[in-house]
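# Structure at a glance
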Amino acid sequence: MVDAQGSFVFQGNKSLPQGLYLVSLPKGKYLDVIIAEQHFSFETDTSNFVKNIKITGSKENELFFSFQQQMAQRITQLRSLDAQARTQNANAAQALKKAQDELKQYQTAWLAQHQQTLVAKIIKASQEPDIPTYPKPVPNQCILIRSQGFVLHTKRKSQCTANEYRQQINNSYRRTA
């Protein structure tokens, strides 16, 4: 329960499991907090939780909010460049692309530097995965793709000779077994 000064305490006989916790506040506002260390404190201003937060006793939250603050600055810059690029400004479009690349580089470097932390694992899990390009099928071949124990056929069976199809199935089962 939050008191009149806005203070609250998580308290109990058991330790809280590690993870990302949401502190819900009135008027639809909320604050994400990392629970890794069991004893820590923070204070902030409701005008901008992330920008004004002060953490004591939690390296994970210090990293988390530092990352969020840096991302907020970079995203503000990206939005400004995006608005300029939409007005057909070629220089702004180049600057936007450069800022996007720098943002990706920052994220990659930050995650590598802090890879052993819980906060890095949480941030990495929330990112879009890099999906590799899929090679184009070779024309006029019966191609099967193995995925998570299933065999996926990329051409209709009628487009393969019966022998090609049987051979691909047999080879695929031998490889997955």
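It should be emphasised that the depicted structure is a prediction, and the values quoted were computed from it without experimental measurement. (Residues numbered from 1 in each chain as written. Predicted model: local features only at pLDDT ≥ 70, side-chain atom pairs only at ≥ 80, totals over all residues. Heavy atoms only, no water.)

## What to know about the overall build of the chain
Scanning the chain for helices and strands turns up five helices and six strands. In the chain, the succession of helices and strands from N to C terminus is β-β-β-α-β-α-α-α-β-β-α. Buried positions account for 24% of the 177 residues belonging to the chain. Considering only intrachain contacts with a sequence separation of at least 6, the fraction spanning at least 24 residues in the chain is 30%. Surface summary for the chain: the accessible area is close to 13,500 Å², and the carbon and sulfur share equals 51%. (Helix = DSSP H or I, 4+ residues; strand = E, 2+ residues; numbered from the N terminus. Buried < 20%, exposed > 50% of the residue type's maximum accessible area, 1.4 Å probe, protein only. Contact = heavy atoms within 4.5 Å. Areas by Shrake-Rupley, 256 points an atom, 1.4 Å probe, with all protein chains shown as cover.)

## What to know about the environment of Gln100
Along the chain, the position of Gln100 falls in helix α3 (residues 90-113). A residue is classified by how much of its surface remains accessible, and Gln100, at 40% relative accessible area, is partly exposed. Counting along the chain gives 19 residues from Gln100 to Leu81, while the straight-line C-alpha distance between them is 10.0 Å.

## Points about the packing of helix α2 (residues 59-85) against helix α4 (residues 118-126)
Their axes nearest at 8 Å, the elements α2 and α4 cross at an angle of 40 degrees. One element, α2, and the other, α4, form an angle in the oblique class. Here Glu60, Leu63, Phe64 and Phe67 of α2 come into contact with α4, specifically with Leu118, Val119 and Ile123. Residue composition of the contact of α2 with α4, grouped by class: six nonpolar, no polar and one charged. (Axes fitted to C-alpha atoms, helices over the stretch in contact; angles between N-to-C directions. Parallel < 35°, antiparallel > 145°, perpendicular 65-115°, else oblique. Nonpolar A, V, L, I, M, F, W, Y, C, P; charged D, E, K, R; others polar.)

## Some points on the layout of surface pockets
For the largest pocket, the calculated volume is near 860 Å³. Put simply, the parts of the chain that give the lining of the largest pocket at least two residues each are β2 (30-35) and β3 (41-43). (1 Å grid on protein atoms, 1.4 Å probe; cavity = no way out; pocket = protein on both sides within 12 Å on 5 of 7 lines; lining within 4 Å. Points joined across faces, edges and corners; volume = space filled by probe spheres on them.)

## Focus on the pairing of strand β1 (residues 19-24)
As judged from the six bridges shared by β1 and β2, these two strands associate in the antiparallel manner. Paired with Val23 across the two strands is Leu31, which belongs to β2. Once β1 ends, the chain turns through five residues before running back antiparallel as β2, passing Lys27 with a positive phi of about 65 degrees. (Pairing = 2+ DSSP bridges.)

## A few points about α2
Its 27 residues give α2 an end-to-end C-alpha distance of 39 Å, which sits within 8% of 39 Å, the value for a rise of 1.5 Å per residue. The set of residues buried in α2 consists of Glu60, Asn61, Leu63, Phe64, Phe65, Phe67, Met71, Leu78, Leu81 and Ala85. Packed against the buried residues of α2 are β1, β2, α1 (49-52), β4 (54-56), α3 and α4. (Expected span 1.5 Å × (residues − 1).)

## Points about the environment of Leu96
Inspection of the secondary structure puts Leu96 in helix α3. With a relative accessible area of 12%, Leu96 lands in the buried category. Taking C-alpha positions, Leu96 is 6.3 Å from Asp82, a pair spaced 14 residues apart along the chain.

## Digging into the nonpolar core
Side chains of a nonpolar character, in soluble globular proteins, are inclined to be buried together. Judged by nonpolar contacts, the single largest core of 28 residues is most densely connected at Leu31, Trp110, Val119 and Ile123. Of all the secondary structure elements, the ones that give two or more residues to this core are β2, α2, α3 and α4. Not counting the four nearest positions on each side in its chain, Val119 is found in contact with Ile34, Glu60, Leu63, Phe64 and Trp110. (Core = buried A, V, L, I, M, F, W, Y, C linked by side-chain atoms within 4.5 Å.)

## Re the pattern of salt bridges
Counting across every chain of the model gives three salt bridges. For Arg86, the salt bridge goes to Asp82, with nearest N and O atoms at 3.0 Å. Overall, the relative accessible area of 62% leaves Arg86 in the exposed class. The salt bridge involving Lys98 is made with Glu102; its shortest N-O contact spans 4.0 Å. In this pair, Lys98 and Glu102 are both assigned in helix α3, four residues apart and thus about one turn of the helix distant. Take Glu102: its relative accessible area is 33%, and that puts it in the partly exposed class. (Salt bridge = Lys/Arg side-chain N within 4 Å of Asp/Glu carboxyl O.)

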